[in-house]
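# Examining the three-dimensional arrangement
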Amino acid sequence: MGHRTLLSFCSNDYLGLAADHRVIEALQRGAEQYGVGSGASHLVSGHCTPHHRLEQELAEFVGSERALLFSTGYMANLGVITTLLPRQGTVLEDKLNHASLLDAARCSRARVQRFRHRDYARLEKMMQQANAECLVSTDAVFSMDGDLADLKTLHALATRHSAWLLVDDAHGFGVLGDGRGSLAANALAVADNTVLMGTLGKALGTFGAFVAGSVEVIETLVQQARTYIYTTALPPAVAEATRTSLRLLQQEDWRRQQLQTVIDLFRQRAAEQALPLTESTTAIQPLIAGSAERALAISRALEQDGILVPAIRPPTVPTGSARLRITLSALHSEQQVQQLVDALARAFAEAP
Ligand SMILES: *Cc1c(COP(=O)(O)O)cnc(C)c1O
């Protein structure tokens, strides 16, 4: 097998922090000081100073009373939904929610109801009919479409019906709301009934996740969330690297500005080429190809042109909406975006 270098448009490293030398050095220093592994779960002896500091810094950044680290976003969602809702409760989910939210609802053994994508009138009907405590969960930025949940409406609905609102901000944290995430972008507080889940493996460029919320929410998770209690704590060096990322993303506004510049440029140039853009305004820019075969053919043609964009096919997305899921980054240059659009125009024109 030969090696070829491809220009990638499929990483979630939106701000280009994953390979930043200062983040790498923080990881190295952290490993020298604390070793590679944490050695145990948080509650036994795995919880180290870097975890503690990172939790405080995350809480301060997103404006919550507290934050709690989890090893992955998948486990964080599982922890929140299985813990906050009693078994006789109801989980209400947007149909396009991330798989981890859907799996979490299933594991909770609560009743699960799914509403059509962003159909909040339907959601309210479901809330009125539920005769037990409800938890509404949503992606803030939908992972395969890049469009946004209407968090103001969801927050108002959840508050009116005394329901929990779990916001999965995997693709908004670090990017939207000056980096503070989608709730901050909507001037909504991470407090009371509102719980934020942010991941660290995307815009922050490291690994892991956190849940932010009130003292009561976090205490409940510490006491009861099995995906927090029964698993090894993140390596402390990863927490150190993440602290550096968190500082850089606050200090270096140019990263979010450059990301916005390449998003705007991509949309403008793709529109000029009549490519099938969606309404997404975020770094996730899908182009709908139709059949799985067509999406694959386009992806292969791009690869021939030295560009890596995977085809996302059913069951990850609904049948007939197989797509090229393009993600943009602060490290893309305007010239690279032009190269992408030129290759896409050729590939879409030539695909059967
Ligand atoms: C990536 C992702 C997750 C899972 O996060 P991991 O840390 O990778 O487990 C959860 N929700 C959404 C919307 C995601 O995109």
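Refer to the structure printed above.
These numbers come from a predicted model, not from an experiment. (Residues numbered from 1 in each chain as written. Predicted model: local features only at pLDDT ≥ 70, side-chain atom pairs only at ≥ 80, totals over all residues. Heavy atoms only, no water.)

## Structural notes on the pattern of salt bridges
- By the definition in use, this model includes 16 salt bridges.
- Arg-160 is paired through a salt bridge with Glu-124; the nearest N and O atoms lie 2.7 Å apart. With a gap of 36 residues between them, Arg-160 in helix 7 (residues 151–160) and Glu-124 in helix 6 (residues 120–129) connect regions that are remote in the sequence.
- Judged by its relative accessible area of 55%, Arg-160 falls in the exposed class.
- For the salt bridge of Arg-269 with Glu-272, the shortest nitrogen-to-oxygen distance reads 3.8 Å. Linking Arg-269 with Glu-272, this pair stays in helix 12 (residues 253–272), spanning three residues, or about one helical turn.
- Residue classification places Arg-269 among the partly exposed positions, given a relative accessible area of 26%.
- Classification of Glu-272 as exposed rests on a relative accessible area of 55%.
- Within this structure, Asp-20, Arg-22, Glu-252 and Arg-255 form a network of salt bridges that share partners. (Salt bridge = Lys/Arg side-chain N within 4 Å of Asp/Glu carboxyl O. Helix = DSSP H or I, 4+ residues; strand = E, 2+ residues; numbered from the N terminus. Buried < 20%, exposed > 50% of the residue type's maximum accessible area, 1.4 Å probe, protein only.)

## Considering the sheet that holds strand 12 (residues 322–327)
- Strand order in the open sheet formed by three strands is 9-12-11, with antiparallel pairing between adjacent strands. The two strands at the open ends of the sheet, each matched to only one other strand, are strand 9 (284–290) and strand 11 (311–312).
- Two elements, strand 9 and strand 12, share six bridges in a ladder whose sense is antiparallel. Looking across to strand 12, one finds that Gly-290 is bridged to Ala-322.
- Together, strand 9, strand 11 and strand 12 form the strand contacts of helix 13 (residues 292–304), whose direction differs from that of strand 12 by roughly 40°.
- In the packing of helix 14 (residues 334–350) onto the sheet, the strands contacted are strand 9 and strand 12, and the crossing angle to strand 9 comes to about 10°. (Pairing = 2+ DSSP bridges. Contact = heavy atoms within 4.5 Å. Axes fitted to C-alpha atoms, helices over the stretch in contact; angles between N-to-C directions.)

## Focus on the site of the ligand
- Every residue near the ligand is listed here: Thr-72, Gly-73, Tyr-74, His-98, Ser-100, Asp-139, Ser-143, Asp-168, Ala-170, His-171, Thr-199 and Lys-202.
- Taking Tyr-74, its main chain carries an N or O atom lying 3.0 Å from an oxygen atom of the ligand.
- Within the side chain of Asp-168, an N or O atom sits 2.6 Å from a nitrogen atom of the ligand.
- Considering only residue class, the shell around the ligand consists of two nonpolar, seven polar and three charged. (Near = heavy atom within 4 Å. Polar contact = N/O pair within 3.5 Å; in protein donor to acceptor, adjacent residues only side chain to side chain. Nonpolar A, V, L, I, M, F, W, Y, C, P; charged D, E, K, R; others polar.)

## Focus on helix 7
- Leu-151, Leu-154, Leu-157 and Ala-158 are the residues of helix 7 that are buried. Buried residues of helix 7 fall within an arc of 125° about the axis and therefore sit on the same side.
- Turning to helix 7, the residues buried within the fold contact helix 6, strand 5 (134–139), strand 6 (164–168) and helix 8 (182–185).
- Note on helix 7: the residue one or two positions beyond its end, Ser-162, has a positive phi of about 50°. (Arc of directions from axis to C-beta.)

## Points about the nonpolar core
- Ranked by internal contacts, the top residues of the largest apolar core, which has 79 residues, are Phe-210, Leu-259 and Phe-266.
- A total of seven residues in this core trace back to one element, the largest contributor, which is helix 14.
- Here Phe-266 is in contact with Leu-277, Gln-285, Leu-287, Ile-326, Leu-328, Val-337, Leu-340, Val-341 and Leu-344, once residues within four sequence places are set aside.
- Residues Leu-78, Leu-221, Ala-225 and Ile-229 belong to the second largest nonpolar core, which totals 27 residues. (Core = buried A, V, L, I, M, F, W, Y, C linked by side-chain atoms within 4.5 Å.)

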